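Now for the letters of each chain:
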Amino acid sequence: MKKIIVVGGGAAGMMAAITAAENGCEVVLFEKNDRLGKKLFITGKGRCNLTNAGDADRFFQSVTTNSKFMYSSFYTFDNQMTIDFFEKLGLKTKVERGDRVFPVSDHSSDVIGVLKTKLNRNQEIIVELQTEVQKLIIEDQVVKGVQIKTAHGKKDVYGDAVVITTGGISYPLTGSTGDGYRFAESAGHTIKELLPSLVPFELKDEFCKELMGLSLKNVELVIKCGKKCLFEEQGELLFTHFGISGPLVIKASAYLHKYLDKDLSMYIDLKPAMTEEMLDDRILRDFSKYANKDFHNSLGDLLPVKLIDVVIKRSGIDPYKKVNSITKEERKNLVTVLKQFTLSFRGLRGFEEAIITKGGVNVKEVVPSTMQSKLVDHLYFAGEVLDVDALTGGFNLQIAWSTGWAAGKAAAEKIQES
Ligand code: FAD
């Protein structure tokens, strides 16, 4: 029986191993951790948003890098097939807000559990934990196997095909430390620049520490590079000791990579549901209610307590000025501060906090329908190691399932032909 080596027991690796075995091959899955799916375990805050139930257009719009590369593998193993696959393994799923699909149990461990059961039941699959692959063995542009390292030392293991599913370099404590990029380079592949994505922002603003822990719902984040608007969306944002985070910021980070070496301007519209005139009317109403109070005691109805001091400082209005003596000009300034609460961007946070790695194995050097290397025969890539990434919502795991499925199947078919 022909043998396939799968390197990395995450989402893509487990899927590739299952499909390769179902297509008639013996499989050895090497995972350097002492258990499978360590990153999968922390996905979706421990609930695992395993895919998205939206239509194909939604999937392709959400893939922010190299979406066209995903056409073939997604259409052959799409989100519905993913849901059916897991349901067939005994995992009940549910669809939540934004078409996000989760296990009914809300436990990512159940997703890993059904995959593990499937791997263990198949006699043709051997899972080798605590086994780190150190390099590829390549002869005459054909991959022959891998060198592994275990507690017992180093050893060469030969196989008829090798599938690299080592993930990216984000959250490295989960085992994704970028080894696959090194393997790909040793095979002659180019690696597109690696950058943290779906990640919080660091700000230069001093006020971050004061606002730490403040969560703002229904605000708008606007990011521009010169006149070009890079991001403009409403949602939820959170101040941290270093800057800002939360769903809105995480999403915005996916659109900034090309502009990181340029001057970015950004602001929060704290009251996006109101035009400047409406907001001015609203402030006037509050001012007449608190006419005899000091200015700093007049904003409690409009803003969360933590934000009041910062807004007052920025408005330039004396906090002890009586509200009834605030001028129209000063009120106008206040409206501008609220509608354009500017932020001073320092940069993105690092890989330790990034949900995904942007960049990776250049997809121009990989066949999209099979995931096979165009440079070295019998070598395949799947999952985050590839230069493909998407927004949050279950799309990144869908990339892992679709490409893992394609690689496992294609590798099995190819080596049985030869
Ligand atoms: P990984 O899951 O990273 O697996 C790679 C595996 O390879 C690891 O187990 C690693 O130990 C192993 N490995 C690496 N090098 C070697 C080696 N040399 N030898 C042997 N083994 C090796 N996506 C979603 O769609 N939905 C979510 O809810 C979601 N939540 C997330 C939350 C967090 C906090 C993070 C960090 C990511 C989240 N993602 C989510 C993204 C998603 O987890 C990844 O896109 C996905 O896990 C990538 O799968 P993969 O199999 O390619 O890589």
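Residues numbered from 1 in each chain as written. Predicted model: local features only at pLDDT ≥ 70, side-chain atom pairs only at ≥ 80, totals over all residues. Heavy atoms only, no water.

**Topic: the nonpolar core**
Side chains that are nonpolar tend, in soluble globular proteins, to be buried together. Test applied: We define a nonpolar core as any set of buried Ala, Val, Leu, Ile, Met, Phe, Trp, Tyr and Cys residues linked to one another through side-chain atoms lying within 4.5 Å. Burial classes follow relative accessibility: with a 1.4 Å probe on protein chains only, a residue under 20% of its type's maximum area counts as buried, one over 50% as exposed, and anything between as partly exposed. Numbering goes from the N terminus for both helices and strands, where a helix is a DSSP run of H or I of at least four residues and a strand is a run of E of at least two. Contacts are assigned to residue pairs that have any heavy atoms within 4.5 Å of one another.
The biggest cluster of nonpolar side chains holds 82 residues, and the ones touching the most others in it are Ile4, Leu40, Val146, Leu386 and Trp401. It is helix α13 (residues 395-417) that contributes the most residues to this core, twelve residues altogether. Setting aside its immediate chain neighbours within four residues, Ile4 contacts Ala20, Cys25, Glu26, Val27, Val28, Ala161, Val163, Gly408, Ala411, Ala412 and Ile415. Among the nonpolar cores identified, the runner-up in size contains 51 residues, and Phe207, Leu248, Ile308 and Ala354 belong to it.

**Here's the deal with the environment of Ser344**
Position of Ser344 among the secondary structure elements: in the loop between β18 (341-343) and β19 (345-348). Between the alpha carbons of Ser344 and Lys149 there is a distance of 47 Å; along the sequence they are 195 residues apart. Leaving out residues up to four positions away in the same chain, Ser344 has contacts with Glu202, Leu203, Lys204 and Asp205.

**Here's the deal with the side chain of Thr131**
Mapped onto the fold, Thr131 is located in the loop between β7 (125-128) and β8 (132-139). Excluding its chain neighbours within four sequence positions, the residues that come into contact with Thr131 are Phe30, Glu31, Lys32, Ile148, Lys149 and Thr150.

**A word on the packing of aromatic side chains**
So the rule is basically this: Aromatic pairing here means that ring centres of Phe, Tyr or Trp (its six-membered ring) are within 6.5 Å. Orientation follows from the plane angle: under 30 degrees is stacked, over 60 is edge-to-face, and everything else is tilted. Criterion for a charge above a ring: Arg CZ or Lys NZ at most 6 Å from the ring centre, at most 35 degrees from the ring normal.
As enumerated under the stated definition, the model contains 16 aromatic pairs in all. Residues Phe60 and Tyr71 carry aromatic rings whose centres are separated by 4.6 Å and whose planes lie at 80° to one another, so their mutual orientation is edge-to-face. In this pair, Phe60 is assigned in helix α3 (residues 56-62) and Tyr71 in helix α4 (residues 71-76), connecting sequence segments eleven residues apart. Here Phe60 falls in the buried class, since its relative accessible area comes to 11%. Taking 5.9 Å as the distance between ring centres and 65° as the angle between the ring planes, the aromatic pair formed by Phe74 and Tyr75 counts as edge-to-face. According to the relative accessible area criterion, Phe74 is buried, its value standing at 1%. Three or more aromatic residues joined by ring pairs make a cluster, and in this case those are Phe59, Phe60, Tyr71, Phe74, Tyr75 and Phe395. The ring of Phe41 carries the charged tip of Arg35 above its face, separated from the ring centre by 5.7 Å. One Lys or Arg, Arg349, reaches over the ring of Phe242 and ends 3.6 Å from the middle of that ring.

**With respect to the pairing of strand β1 (residues 3-7)**
Put simply, the test is: We call a crossover right-handed when, viewed with both strands directed away from the observer, the connection leading from the first strand over the helix to the second proceeds clockwise. The pairing criterion for strands is at least two bridges between them, as found by DSSP.
β1 sits mainly inside the fold: four of its five residues count as buried. Handedness of the crossover joining β1 and strand β2 (residues 26-30) through helix α1 (residues 11-22) is recorded here as right-handed. Both β1 and strand β11 (residues 161-164) contribute to a ladder of four bridges, which runs parallel. Its bridge partner being in β11, Val7 is matched across the sheet by Ile164.

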